[in-house]
Amino acid sequence: MTLQNDVFLRALLREPTPYTPVWLMRQAGRYLPEYRATRARAGDFLTLCKTPELATEVTLQPIDRFGLDAAILFSDILTVPDAMGLGLYFAEGEGPKFQRPLRDEAAIQALAAPDPTVELRYVMDAVRSIRRALGGRVPLIGFSGSPFTLACYMVEGGGSDDFRHIKTMLYRRPDLLHRILDVTARAVTDYLNAQIEAGAQAVMIFDTWGGTLTPHAYREFSLAYIARIVAGLTREAEGRRVPSIVFTKGGGLWLEAIAECGADAVGVDWTVSLGEARRRVGDRVALQGNLDPAALLGDAEAVRREAVRVLEAFGPGPGHVFNLGHGISQHVDPDNVAVLVETVHAFRHRGD
Ligand code: CP3
């Protein structure tokens, strides 16, 4: 199947493109009425993730509605610890939780990387099904959480305000945390390679919580494991390079280090100007970002103005994938997303 729109893949490799490609983190989600309808049919979020036909349906919803330049696999980062036996569940209104958080040494020693083609087969089935349904319209992004971000949920047992349990482990028993991260890094490498094998055309590592660490701990407990994963990724599939994107929320101060991890592109949150980010690392990696997700809560004029501000901050030349600085809020009006995509697609830098 030939790819009809490869603007996203080209931008990730810093090749020239006719316009700036755009997709949005969490583009399939609760702000879309059609997503809420499919989720209601599924009954709950995890069933939606584990039913390939339904995961395919919601993955394509924002593509059909907005003409985005990439689709992202509908799933969750916590499927990996679930496959490791921690027992993922979503308590209504409370976010993700684990039945068996990793707190004692015996459980940590017993932790093993799952075979993604067996325990996460439903994800690979979804990837194959989504590729068929896309029919080459746009590329499909596969993804995983970073080992540190996954470890946060595994050790805390769910979301956290203060990361008390994982930070206690980091300072008291760093050996145990390293053991979790080591197993998880192997699990994530196998998981992403299985997604590539099933048809993912680019991969992204979400490091949502790396930014809560000190600069030193970030390198030791998050970036080192991300770099290990990137080094183990399948480089090419279907005769094309499979680009990788690393996104550490709150990682703006460490962009130089992140740009050295081997990934093709670095995701940037909204706290850094893309112009500054580009001056610091733009000759080494492409940049993905970085509209403040809250800008989509403004009126159409504010959305246009803020989108243009991001495009102008990056400036002319290749290597920019437009995105939000983090996931889209469920309270966003879908019409504002349409305005955003039109604005990015119509924008031309002076001189281009
Ligand atoms: O980007 C996409 O459209 C693809 C799908 C995707 C989801 N989660 C769907 C989802 C992706 C890439 C993720 C990643 C993810 N999941 C991350 C990393 C990115 C980030 O946002 O920082 C994290 C930390 C998670 C863990 C997770 N999953 C949380 C904390 C929650 C609850 C958040 C909330 O808004 O309630 C989820 C649930 C989740 N994952 C939803 C979606 C669409 C909402 C589920 C629902 O329908 O109720």
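As the structure is a prediction and not an experimental result, all values here were calculated from the model.

In terms of regular secondary structure, the protein chain is built from 15 helices and 11 strands. At 19 Å, the protein chain has a C-alpha radius of gyration in line with the 20 Å of a compact globule built from 352 residues. Dimensions of the protein chain along its principal axes, counting C-alpha atoms only, are 60 × 45 × 40 Å. Classification of the 352 residues of the protein chain by burial places 58% in the buried group. Sequence separation of 24 or more characterises 73% of the internal contacts of the protein chain that already satisfy a separation of 6 or more. Looking at the protein chain as shown, the accessible area adds up to about 14100 Å², and 49% of this sits on carbon and sulfur atoms. Counting 38 positive and 43 negative side-chain charges, the protein chain places the centres of these two groups 1 Å from one another.

For the rest of this paragraph, the subject is the site of the ligand. Around the ligand sit 21 residues in total, of which Arg26, Arg30, Tyr35, Arg39 and His326 are the nearest. At 2.6 Å, a backbone N or O of arginine 26 approaches an oxygen atom of the ligand. Starting from 880 Å² of accessible surface for the ligand in isolation, the protein chains cover 87%. Partitioned by chemical class, the residues of the shell around the ligand number 13 nonpolar, 4 polar and 4 charged.

In this section: the sheet that holds strand β4 (residues 140–145). In space, the 7 strands of this open sheet follow the order β1-β4-β5-β8-β9-β10-β11, with parallel pairing throughout. Two strands lie at the open edges of the sheet, namely β1 (71–72) and β11 (320–324), each paired on one side alone. Relative to β4, β1 runs parallel, the two sharing 2 bridges. Its bridge partner being in β4, alanine 71 is matched across the sheet by leucine 140. Sheet strands in contact with helix α11 (residues 215–231) are β5 (202–207) and β8 (244–248), and its direction is about 170° off that of β5.

Take unusual backbone geometry next. Here the bond from glycine 289 into asparagine 290 is cis, since omega is -10°, no more than 30 degrees from zero. By secondary structure assignment, the location of asparagine 290 is in strand β10 (residues 286–291). Although it is not a glycine, glutamate 238 sits at a positive phi angle of roughly 50°. Tracing the sequence through the fold places glutamate 238 in the loop between β6 (236–237) and β7 (240–241).

Let us look at helix α5 (residues 79–86). Of all 8 residues in α5, 7 are buried; the element is thus mostly enclosed. If you check which residues of α5 are buried, you get Thr79, Val80, Pro81, Asp82, Ala83, Met84 and Leu86. Buried residues along α5 sit against α3 (45–50), β2 (88–91), β3 (95–98), α7 (121–134), α8 (147–156) and α10 (174–198). Two residues or fewer after α5 comes glycine 87, characterised by a positive phi angle close to 75°.

Looking now at the pattern of salt bridges. If the charged atoms of two oppositely charged side chains come close together, the side chains can form a pair. Summed over the entire model, instances satisfying the criterion amount to 24 salt bridges. Across the salt bridge formed by aspartate 125 and arginine 121, the nearest N and O atoms sit 3.4 Å from each other. Taken together, the residues span about one helical turn, with aspartate 125 and arginine 121 both in helix α7 at a distance of 4 residues. Judged by relative accessible area, which is 48%, arginine 121 ranks as partly exposed. Between aspartate 182 and arginine 186 there is a salt bridge, with the nearest N and O atoms lying 3.1 Å from each other. Of this pair, aspartate 182 and arginine 186 both sit in helix α10, 4 residues apart, which is roughly one turn of that helix. The partly exposed category is assigned to arginine 186, whose relative accessible area is 43%. Each member of the salt-bridge network shares a partner with another, and the members are Glu105, Arg173 and Asp175.

Take the environment of leucine 255 next. Tracing the sequence through the fold places leucine 255 in helix α12 (residues 255–259). Here leucine 255 falls in the buried class, since its relative accessible area comes to 2%. Sequence spacing of leucine 255 and alanine 277 is 22 residues, and the spatial spacing of their C-alpha atoms is 7.3 Å. Once residues within four sequence positions are removed from consideration, leucine 255 is found in contact with Val266, Val268, Val272, Ala277, Arg280 and Val281.

Examined against the element boundaries, glycine 239 turns out to sit in the loop between β6 and β7. Judged by its relative accessible area of 68%, glycine 239 falls in the exposed class.

Counted residue by residue, β10 has 6 buried out of 6 residues, so it is predominantly covered. Note that the unit made of strand β9 (residues 265–267), helix α13 (residues 274–281) and β10 has a crossover that is right-handed. As for the winding sense of the linkage, the β-α-β connection from β10 through helix α14 (residues 300–314) to β11 is right-handed.

Rules and cut-offs
Residues numbered from 1 in each chain as written. Predicted model: local features only at pLDDT ≥ 70, side-chain atom pairs only at ≥ 80, totals over all residues. Heavy atoms only, no water. Helix = DSSP H or I, 4+ residues; strand = E, 2+ residues; numbered from the N terminus. Rg over C-alpha atoms; globule rule 2.2 N^0.38 Å. Buried < 20%, exposed > 50% of the residue type's maximum accessible area, 1.4 Å probe, protein only. Contact = heavy atoms within 4.5 Å. Areas by Shrake-Rupley, 256 points an atom, 1.4 Å probe, with all protein chains shown as cover. Lys, Arg positive; Asp, Glu negative; His and termini not counted. Charge placed at Lys NZ, Arg CZ, Asp CG, Glu CD. Near = heavy atom within 4 Å. Polar contact = N/O pair within 3.5 Å; in protein donor to acceptor, adjacent residues only side chain to side chain. Nonpolar A, V, L, I, M, F, W, Y, C, P; charged D, E, K, R; others polar. Pairing = 2+ DSSP bridges. Axes fitted to C-alpha atoms, helices over the stretch in contact; angles between N-to-C directions. Salt bridge = Lys/Arg side-chain N within 4 Å of Asp/Glu carboxyl O. Right-handed = clockwise from strand over helix to strand, strands pointing away.

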